[in-house]
Amino acid sequence: MIKTFSVFTILLISSMSFAQAPDTLWTKIFNNEAWDEVHRVIQTPDNGYIGAGCSGAQIPENRLWVIKTDQNGDLQWELYHGDSLNPKTGVSVLMTSDGGYLVTGETFYPGTWWSDITLFKLDSDGSIEQEVCFDIGPMDYVRASEQTSDGGYILAGGTAGTNLDSFLLKIDSEYNTEWTTTTGGNQDEQFYSVQQTSDGGYIAAGYTRSFGSGSSDHYMVKFDSLGNVEWEEFFGGTGFDMACAARQTQDGGYIIVGFMQQVSSTKDLYVVKTDCDGNTEWDLILDRSDFDNAISFLETSDGSYILTGVTSKDLWLLKLDNTGSVLWETAIGLPNPNESGRSIQQTVDGGYIVAGSRNTSAGQLDFWLVKFGPELGISQAPQAFIDVQISAVLPNPFTSSLQINCFLPSSGHMNLSVYDFAGRLVEHLESSDVYSGKHTFLWDPDPLLPSGCYMVVLDALGKQDVTWCIKI
């Protein structure tokens, strides 16, 4: 069984006896049209970042917009795709095994209400190599996508005929449909999040108007590997409630985040932690302003959670412990409204990259990247990775085996492991006491291991180093 582990978490974080919000290292604003949005950001193997979203106020003005930056957030290239006859959007971006990217979005058809899910395969420089459409119903909206352990992809969103139903779409590595499943009742449902679980199934979450006790409730559904529903749960009050993200936790349970509407004019942050069967273990309601919402989150290796979203119309970053208590929180923004964090990933330096929207002038939103440092704070952060290091991985890309060269400045215990791009453990390569100096290890993965990006992680002498490799 593949178990989940947050591979980027620097070990020093869990050893701290106090909680401290991270420093903001830099922010970058990208403006193209009157209304620009980013929906997801990931760190790339060169330690830069790539974000996907859309530009334009509304259909038919929407255009797919992808931005690639270096490690300092400076623009390296951008893709702007679509026109009034062929509007496009971007929702998610993933790495591919050839060093390129897969962007998930939508294509709209002006003069109708129709839309199709669209995959845009990009090369490493942002040129479109392939564009593939999927038609589930008259109106299809994709809200999340993830790579699966077999090298394929799982997509989630909503499909509409007379009403909106939530769907999962499983495709293989060549972008062929394997199966599609929909769930819902006589009103609207939509998924905003999907993740493959440790048993090969999937956890998806969003909202439902057909079930539950309110006008809409948090909707979490567990599927098996073929898309069959194993169980479903509903959370919320009597108002309009929605889940924006759900993930499996290290203990095999699940956590779901979003908002709850307790009174007609306000929305509060709402977090629910469940066991492996969807039974509530604890929940949290936070009322900081008229509109508080968590849109994206991650779990760290110590079992706590980093969330990003919106509070007081500013980008919000906060950390919860494994019982739902707030450890720290911070918010940044301008006096103008409508600023939020929409995507978060931990970076190789132990900090965080957040993508969202910033309202730099009234009535406009801009594509916004914010880089946070490690939780230690910049002044306290030691110089990591100076002496313990992975000096080389050869060849890279590789087909059947990989040579890994490491260096330790003194004798001690070391662990060497490989994780997939989603942070799931693939294989422990070494766990032993070694002498100081250079060491060489050979990784011969299972021939059935799918092509893709993998992370090699060295833990030794209280330090950690991470490097990337690509299997083709």
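As a reminder, the structure under discussion sits directly above these lines.
Values in this document were obtained by computation on a predicted structure and should not be read as measured data. (Residues numbered from 1 in each chain as written. Predicted model: local features only at pLDDT ≥ 70, side-chain atom pairs only at ≥ 80, totals over all residues. Heavy atoms only, no water.)

Chemist: What is the right way to look at the overall build of the chain in this model?
Modeler: Secondary structure summary: the chain contains 1 helix and 35 strands in total. Computed over C-alpha atoms, the radius of gyration of the chain comes to 22 Å, within 12% of the 23 Å expected from 2.2 N^0.38 for 472 residues, which places it in the range of a compact globule. With respect to the three principal axes, the spread of C-alpha positions in the chain is 65 × 45 × 45 Å. Relative to all contacts within the chain whose residues are 6 or more apart in sequence, the contacts with residues 24 or more apart total 49%. Carbon and sulfur atoms form 48% of the exposed surface of the chain, whose accessible area is close to 18400 Å². Put simply, the chain has 24 plus and 61 minus side-chain charges, and the middle of one group is 4 Å from the middle of the other. (Helix = DSSP H or I, 4+ residues; strand = E, 2+ residues; numbered from the N terminus. Rg over C-alpha atoms; globule rule 2.2 N^0.38 Å. Contact = heavy atoms within 4.5 Å. Areas by Shrake-Rupley, 256 points an atom, 1.4 Å probe, with all protein chains shown as cover. Lys, Arg positive; Asp, Glu negative; His and termini not counted. Charge placed at Lys NZ, Arg CZ, Asp CG, Glu CD.)

Chemist: Explain the sheet that holds strand 24 (residues 314-320) to me, please; I cannot follow it from the model alone.
Modeler: For sheets, the rule is that strands pair by backbone hydrogen bonds, running either parallel or antiparallel. Across the sheet, which stays open at both edges, the 4 strands sit in the order 22-23-24-25 with antiparallel pairing between neighbours. The open sheet has two edge strands with one neighbour each: strand 22 (293-299) and strand 25 (326-332). Neighbour-to-neighbour, the strand axes of the sheet open up by a mean angle of 20°, direction not taken into account. Pairing of strand 23 (residues 305-311) with strand 24, which is carried by 7 bridges, proceeds in the antiparallel orientation. (Pairing = 2+ DSSP bridges. Axes fitted to C-alpha atoms, helices over the stretch in contact; angles between N-to-C directions.)

Chemist: Would you mind showing me how to read the packing of aromatic side chains here?
Modeler: Pairs of aromatic rings are described using the distance from one ring centre to the other and the angle between the two planes. Applying the stated rule across the entire model yields 18 aromatic pairs. Aromatic pair tryptophan 26 and tyrosine 49: ring centres 6.0 Å apart, planes at 65°, arrangement edge-to-face. Here tryptophan 26, found in strand 1 (residues 24-30), pairs with tyrosine 49, found in strand 3 (residues 49-55); they are 23 residues apart in sequence, far enough to count as distant. Grouping residues by exposure puts tryptophan 26 and tyrosine 49 together as buried. Judged by centre distance (5.9 Å) and plane angle (85°), the rings of phenylalanine 30 and phenylalanine 367 are edge-to-face. (Phe/Tyr/Trp six-rings, centres within 6.5 Å; stacked < 30°, edge-to-face > 60°. Buried < 20%, exposed > 50% of the residue type's maximum accessible area, 1.4 Å probe, protein only.)

Chemist: What exactly am I supposed to notice about the sheet that holds strand 1 here?
Modeler: Ordered in space as 1-28-27-26, the 4 strands form an open sheet in which the pairing is antiparallel. For this open sheet the edge positions go to strand 1 and strand 26 (340-346), each flanked by a neighbour on one side alone. For this sheet the average axis-to-axis angle between neighbouring strands, irrespective of direction, equals 20°. Where strand 1 lies against strand 28 (residues 366-372), 6 bridges are found, and the strand directions are antiparallel. Of the residues in strand 28, the one forming a bridge with phenylalanine 30 is phenylalanine 367.

Chemist: Any chance you could explain the nonpolar core here in plain terms?
Modeler: Inside soluble globular proteins, nonpolar side chains tend to come together where they are buried. By size, the foremost hydrophobic cluster in this structure holds 22 residues, and its most contacted members are Ile50, Val66, Val93, Tyr101, Val103 and Leu122. Contributing elements (two or more residues each) for this core: strand 3, strand 4 (63-69), strand 5 (75-81), strand 6 (88-95), strand 7 (101-108), strand 8 (115-122), strand 34 (452-460) and strand 35 (463-471). Leave out the neighbours within four places in its chain, and isoleucine 50 touches Arg40, Val41, Ile42, Thr44, Val66, Ile67, Lys68, Trp77, Val93 and Tyr101. Core analysis: the next-biggest nonpolar cluster, separate from the first, contains 20 residues, Phe398, Leu408, Leu416 and Trp443 among them. (Core = buried A, V, L, I, M, F, W, Y, C linked by side-chain atoms within 4.5 Å.)

Chemist: When you look at unusual backbone geometry in this model, what are you seeing that I'm missing?
Modeler: For residues other than glycine, phi is negative in most cases, and the peptide bonds are mostly trans. Cis rather than trans, the peptide bond between leucine 394 and proline 395 has omega equal to -15°. In this structure, proline 395 sits in the loop between strand 29 (389-394) and strand 30 (402-408). A positive phi angle, close to 50°, is found at serine 312, a residue other than glycine. Looking at where serine 312 falls in the secondary structure, it is placed in the loop between strand 23 and strand 24. The backbone phi angle of lysine 313 is positive, close to 65°, even though this residue is not glycine.

Chemist: I keep staring at the environment of glycine 239 and nothing clicks. Help me out?
Modeler: Note on placement: glycine 239 falls in the loop between strand 17 (229-235) and strand 18 (242-248). For the pair glycine 239 and glycine 51, spaced 188 residues apart in the sequence, the C-alpha separation amounts to 33 Å.

From the geometry alone we can't say anything about function, so treat these as descriptive.
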